Each structure stands twice: as C-alpha cells, then as structure tokens.
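Descriptive structure summary
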Amino acid sequence: MKKPLPTIGVDKYTVFKMKEDAQNETTYDAAVEIPGTVEISPTDSGGSDVFDADNGAYDVCSYIEKIGHEITNADITPEIDAMLRGAELKNGVLEIGNDSKSVYFGVAWRILKSDGTYRYIRYYKGVYSFASNVGGKTKPSEGAPERQTAKATYTAAQRMSDGKYYAYVDEEQFITYMTKEAFEEKWFSDLSFYPVPTPPVEPEPDENDSSGGSSDISSGSWEA
C-alpha cells in the first residue's frame, strides 16, 4: 500500500448537464470545463445513531447527510451562472426571478497530490445554489488589491439508474494498464466510464513453425 500523501491543488472542474435519469439509464450532455477553480470543500457530514436495548447500546447505524461540495472560483460569469441555473441570457444580461428550476448536473475534477499524481472525483447528480454574485470590495489606495472570488454549492442526489452519489480513484490504481492521458480523456468526457484492466495479448501461433516443441511465451513464441 502506498503511503498516504497530502493534496496540494485542484483543477479541471467539469460539468455534465443531465439529460435523463431513468431506472435503467442516465444520460448527459457534452462536458463543459469551468476554469478558475480555487477550492473545493466537501459539505458532507456524517453521524451515528445508537439503539438501546437490554440496558445498553444494542445496535449502531451510521449515516451521511448533506452530500456535495462548495466550489470557490475565480469568478462565476453570467454565462456559467445561467447554464447552472437553467436560465437564459438576454443580450448578455442575466435576470434572476422566482421562476427558478432544478437543473441537474454531473461533475468531475482532479486533485493534485504532493508527489505529482492525481486523485479523480466525480459526482453523478446534483443541483447548484448560489449566493448573489454582485458583491465587491473597494480597491485600496496603496498596496496590492484583494482578489475576490465567487462561490456556489453543489448538493448531490442519488442517481435513479443505480442509486450512486459519487466515486473517486487514485492514479496509482490504473496507471499500470492505462496511461494518464487516455484515462483523463474518458474521465472528463463520460460519467459512465470505468477503467478496466486489459489482459495481455498472447501472440498467434505461427502455422509455418513445424518444430512441434515449446518455447518461452515471454519471448513472443508459443507452446504447442
């Protein structure tokens, strides 16, 4: 087992608008990467409940609630805001009213570890909520200006097709049989993708080989 390492970065925050979530299948629109990720903080909280009997703790069950995360971004532009709310821009203007609706998204991102490898995360279904992105702070007369960011909260729900909330995997789990580039191409484009080890392909026997004997498989030959 590899020594646990701290994480030192996050990027490639990518959303997938959900088209349909049915009993046997979930489908999504094309992936959209949102640049400018500063921080992602889980909102999950867990606990346990004790059932008492026979004058003592008889059974204990654990649970997780408020599954999701809060994202801090360099900014949430009107275009991104409108997409995540399911709203429309009118000549570039985003108007917010009481006609809000729940628009479900899947999402994926990666976290950088201190040794340069990555952890990959994805949530299958959830909705975004926002604080009003209209605040600001004055620029100081001296010194560097304070960089101000925007936030959104993603609240997860179970995917109807399989009851799952989220998944994650470390690079070391697949790197022996799949390149990072090939993995990322799939991870950030298809929420149904799972890395599957590919068994080695043995060479086909040579029909012209009449030796009738055996030789070392590892050298590219075969055993009769």
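Everything here concerns the structure above.
Predicted model, so just to flag it, every value in this text is computed and none were measured.

Focus: the overall build of the chain
Each helix and strand in the chain was counted, giving 2 helices and 13 strands. Buried positions account for 26% of the 224 residues belonging to the chain. The contacts in the chain between residues at least 6 apart in sequence include a share of 62% that link residues at least 24 apart. Of the roughly 15100 Å² of accessible surface on the chain, a fraction of 48% belongs to carbon and sulfur atoms.

Description of the packing of aromatic side chains
In this structure the tally under the stated criterion is 17 aromatic pairs. Each ring, one from F16 and one from Y28, has its centre 6.4 Å from the other, and the planes form 70°; the classification is edge-to-face. Taken together, the residues span a long stretch of sequence, with F16 in strand β1 (residues 7-21) and Y28 in strand β2 (residues 26-28) at a distance of 12 residues. A single burial state applies to F16 and to Y28, both of which are buried. Over the ring of Y194 we find R122; its NZ or CZ atom is 4.7 Å from the centre of that ring. Positioned over the ring face of Y104 is K125, at 4.8 Å from the centre of the ring.

A short note on the pattern of salt bridges
Considering all chains together, one arrives at 11 salt bridges under this definition. Where K113 meets D170, a salt bridge forms, and the shortest distance between an N and an O atom there is 2.8 Å. Remark: D170 occurs in strand β13 (residues 166-170) and K113 occurs in strand β10 (residues 105-113); sequence separation between them is 57 residues. According to the relative accessible area criterion, K113 is buried, its value standing at 6%. The exposure class of D170 is buried, given its relative accessible area of 13%. Note that D170 and R119 form a salt bridge whose closest N and O atoms lie 2.6 Å from each other. Here the residue D170 occupies a position in strand β13, and R119 occupies one in strand β11 (residues 118-130), the gap between them amounting to 51 residues.

What to know about the pairing of strand β6 (residues 56-65)
Of all 10 residues making up β6, only 0 are buried, and the element is barely covered by its neighbours. Examined bridge by bridge, strand β5 (residues 45-53) and β6 share 9 bridges and lie antiparallel to one another. Along β6, the bridge assignment pairs F51 with D59. In this antiparallel pair of consecutive strands, β5 and β6, the connection spans 2 residues, and D54 shows a positive phi of 55°.

A look at helix α2 (residues 180-187)
What α2 keeps buried is the set F183, E184 and W187. The arc that holds the buried residues of α2, viewed along the axis, is 95°, so those residues lie on one side. Facing away from the buried side of α2 by over 90 degrees, the exposed positions are E181 and E185. Looking at the buried side of α2, the elements it contacts are β1, β10, β11 and β13.

Notes on the side chain of T117
Structurally, the position occupied by T117 is in the loop between β10 and β11. Polar side-chain contacts of T117 include one of 2.7 Å to the side chain of D115. For T117, the residues in contact, after removing those within four places along its chain, are K2, I111, L112 and E171.

Calculation notes
Position labels on residues start from 1 in each chain and follow its written sequence. Confidence filtering applies because this is a predicted model: local features only for residues at pLDDT of at least 70, side-chain atom pairs given and counted only at 80 or more, and all residues used for totals across whole chains, interfaces and linings. No hydrogens and no water enter the side-chain calculation; it runs on all heavy atoms of the structure. Helical segments are the DSSP runs of H or I of at least four residues, strand segments are the runs of E of at least two, and each set is numbered from the N terminus. For every residue, the accessible area obtained with a 1.4 Å probe (protein chains only) is divided by the maximum for its type, and the residue is called buried under 20%, exposed over 50%, and partly exposed between those limits. The contact criterion used throughout is that any non-hydrogen atoms of two residues lie within 4.5 Å. Working definition of accessibility: Shrake-Rupley area with a 1.4 Å probe, residue cover restricted to the visible protein chains. What counts as a ring pair is set by centres within 6.5 Å for rings of Phe, Tyr and Trp (its six-membered ring), and what kind of pair is set by the plane angle: stacked under 30 degrees, edge-to-face over 60, tilted for all other angles. For a ring to carry a charge above it, either NZ of a lysine or CZ of an arginine must fall within 6 Å of the ring centroid while also lying within 35 degrees of the normal to the ring plane. The salt bridge criterion pairs a side-chain nitrogen of Lys or Arg with a carboxyl oxygen of Asp or Glu, the two atoms within 4 Å. Following DSSP output, two strands are said to pair if at least two bridges run between them. Regarding the arc, it is the one traced by the directions from the helix axis to the C-beta atoms. We call two N or O atoms a polar contact when they sit within 3.5 Å, provided that within protein one can donate a hydrogen and the other can accept it, with sequence-adjacent residues counted only if both atoms are side-chain atoms.

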